[in-house]
Amino acid sequence: MLERPLPAWFHPDIPPEPPIPFHQRILWEDPDLIVVDKPSFLPSTSNGRIVRETVQTRLRLAYGSDEIVPLHRLDRLTSGVLLCSRRAATRSVYQQLFQNGRVRKIYHARVAGDGCAGDAGGAGGVGRGVEVRVDLVKTPGRRAVDVVPDGHGVPTRTKVRSLGNGLIEVEPLTGHTHQIRAVLNHLGCPILGDDTYPVDRGLSLYDFSTPLHLRATELRFQDPISGEQRAFLSYFPLPPVGLSG
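Residues numbered from 1 in each chain as written. Predicted model: local features only at pLDDT ≥ 70, side-chain atom pairs only at ≥ 80, totals over all residues. Heavy atoms only, no water.

As recorded in an unreviewed UniProt entry, the chain goes by the name RNA pseudouridylate synthase, listed as coming from Corynebacterium testudinoris. The heading Catalytic activity (unreviewed entry) in the UniProt record of the chain holds the text "a uridine in RNA = a pseudouridine in RNA". (UniProt positions renumbered as here; feature names shortened; annotations may be inferred.)

This is the structure in structure tokens:
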């Protein structure tokens with residue numbers, strides 16, 4: 001019998017899963033970080049149905065380390081830059097960057113229509129951009145996030161700028177589930193290939209025929225350990241216009 005309780009860890013076997021035929025690219029690695037260019041359809045972490053075929057599990061197996069953890073979240077269908085911690089000892093200082101809004105994240109989205117309502121570009125032109133402030137609510141049991149009247153949900157802020165020809169630059173200033181997807185749909189320009197907005201088409205984890213036209217293009221921050229300015233860019237292109245469902 002043990003004299004006192006002792007912590008214990010175990011690693012359950014990960015059962016085989018249908019392969020997801022898309023692969024992450026390593027953009028940068030150092031003793032503290034691994035920066036990944038994530039493809040669409042590959043989850044960042046386990047969603048309960050997919051465990052092995054995730055960025056986190058793939059990196060842990062490739063590097064032989066259980067400490068690797070994504071520091072923020074990209075939706076399964078969203079491609080682009082994903083920052084991962086590889087050391088528990090320094091993880092919290094990088095997590096604080098996201099918690100304190102000190103990471104600049106830029107996304108590109110290809111949308112239905114000529115441009116977002118209210119953007120100065122209009123009719124497909126390049127706009128100066130606007131900051132959109134809406135309240136969002138995630139209802140248990142529903143995949144879609146709802147825009148609700150002010151004061152009835154979580155306040156969010158999103159910068160939106162038309163780049164012309166249906167391409168939108170988006171900078172979320174807050175972090176909320178589906179924030180970009182819900183906000184662009186609210187503005188009347190849903191993202192091409194979206195399986196939830198404006199209509200929930202149901203979840204099909206192994207249907208790779210309709211990619212989401214949303215990419216985390218750029219991620220910038222001042223490294224809290226080295227003091228250096230970091231900038232990471234995605235090289236995955238947005239899908240061709242014809243691949244939108």
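Colleague: What is the right way to look at the packing of aromatic side chains in this model?
Modeller: We describe a pair of aromatic rings using the distance from one ring centre to the other and the angle between the two ring planes. The tally for this structure, following the rule as stated, stands at six aromatic pairs. Residues Phe 22 and Phe 208 carry aromatic rings whose centres are separated by 5.4 Å and whose planes lie at 85° to one another, so their mutual orientation is edge-to-face. One end of the pair, Phe 22, is in the segment before β1 (25-29); the other, Phe 208, is in the loop between α3 (179-186) and β10 (214-222), with 186 residues separating them in the sequence. Relative accessible area serves as the criterion here: at 24%, Phe 208 is assigned to the partly exposed category. Judged by centre distance (6.2 Å) and plane angle (40°), the ring pair of Phe 221 and Phe 232 falls under tilted. Taken as a pair, Phe 221 in strand β10 and Phe 232 in strand β11 (residues 229-233) lie far apart in primary sequence, 11 residues in all. (Phe/Tyr/Trp six-rings, centres within 6.5 Å; stacked < 30°, edge-to-face > 60°. Helix = DSSP H or I, 4+ residues; strand = E, 2+ residues; numbered from the N terminus. Buried < 20%, exposed > 50% of the residue type's maximum accessible area, 1.4 Å probe, protein only.)

Colleague: Quick question: what am I supposed to make of the pattern of salt bridges here?
Modeller: Pairing is possible between side chains that carry opposite charge, provided their charged atoms lie close to one another. By the definition in use, this model includes 17 salt bridges. Taken together, the shared-partner salt bridges connect Arg 73, Asp 75, Arg 143, Arg 181, Asp 194, Asp 195 and Asp 200 into one network. (Salt bridge = Lys/Arg side-chain N within 4 Å of Asp/Glu carboxyl O.)

Colleague: Where do I start with the nonpolar core in this structure?
Modeller: Among soluble globular proteins, nonpolar side chains are generally buried collectively. The biggest cluster of nonpolar side chains holds 36 residues, and the ones touching the most others in it are Leu 184 and Ile 191. Secondary-structure elements contributing two or more residues to this core are β2 (33-38), α1 (55-63), β4 (79-85), β5 (104-110), β6 (130-138), β9 (167-172), α3 and β10. Counting residues per element, this core draws most heavily on α3, which supplies four residues. For this core, the domains that each give at least three residues are domain 1 (16-104 + 217-239) and domain 2 (112-202). Core analysis: the second largest hydrophobic core is formed by 12 residues, Val 35, Leu 83, Tyr 94 and Phe 232 among them. (Core = buried A, V, L, I, M, F, W, Y, C linked by side-chain atoms within 4.5 Å. Domains from an automatic or database assignment.)

Colleague: How should I be thinking about the side chain of Arg 110 in this particular structure?
Modeller: You can see Arg 110 is positioned in strand β5. Within the local environment of Arg 110, its side chain forms a polar contact with the backbone oxygen of Pro 239, the two atoms lying 2.9 Å apart. For Arg 110, the contacting residues outside a window of four places in its chain are Gly 166, Leu 167, Ile 191, Leu 192, His 213, Leu 238, Pro 239 and Val 241. (Polar contact = N/O pair within 3.5 Å; in protein donor to acceptor, adjacent residues only side chain to side chain. Contact = heavy atoms within 4.5 Å.)

Colleague: Explain the pairing of strand β7 (residues 145-148) here, please?
Modeller: On any regular strand, side chains alternate: one points to one face of the sheet, the next to the other face. Judged from the four bridges that link them, β6 and β7 form a sheet pairing that is antiparallel. Note on β7: the bridge partner recorded for Val 137 is Asp 146. (Pairing = 2+ DSSP bridges.)

Colleague: Sorry, what's going on with the confidence of the model for the chain here?
Modeller: Mean pLDDT for the chain: 89, with 87% of residues reaching 70 or above. When the criterion is pLDDT under 50, residues 6-10 qualifies, and its contacts beyond four places in sequence or with other chains add up to zero contacts. (pLDDT = per-residue confidence, 0-100.)

Colleague: Would you mind showing me how to read the environment of Pro 155 here?
Modeller: Relative to the helices and strands, Pro 155 resides in strand β8 (residues 154-164). In this structure the C-alpha to C-alpha distance between Pro 155 and Gly 175, which are 20 residues apart in sequence, comes to 9.8 Å. Excluding residues within four positions of it along the chain, Pro 155 makes contact with Val 134, Asp 135 and Thr 174.

Colleague: Would you take a moment to explain the side chain of Thr 54 for this structure?
Modeller: If you trace the backbone, Thr 54 turns up in the loop between β2 and α1. Using a relative accessible area of 0% as the deciding quantity, one classes Thr 54 as buried.

Colleague: Is there a simple way to explain the pairing of β4 in this structure?
Modeller: Counted residue by residue, β4 has seven buried out of seven residues, so it is predominantly covered. Two elements, β2 and β4, share six bridges in a ladder whose sense is antiparallel. Residue pairing in the sheet places Lys 38 in a bridge with Gly 80 of β4. Two strands pair when backbone bridges link them, and strand β3 (residues 69-70) and β4 are joined in this way by two bridges, in the antiparallel orientation. Following the sheet pairing, Val 69 is matched in β4 by Ser 85. As defined by bridge partners, β4 adjoins β10 across two bridges and the pair is classed as parallel. In the strand pairing of β10, Ser 79 is matched with Arg 215.

Colleague: What's the story with α3 in this structure? I'm lost.
Modeller: Given 3.6 residues per turn, any residue in an α-helix points the same way as the ones three and four places further on. In terms of residue burial, α3 counts as a mostly covered element, since six of its eight residues are buried. Remark: Gly 188 follows α3 within two positions and exhibits a positive phi of approximately 90°.

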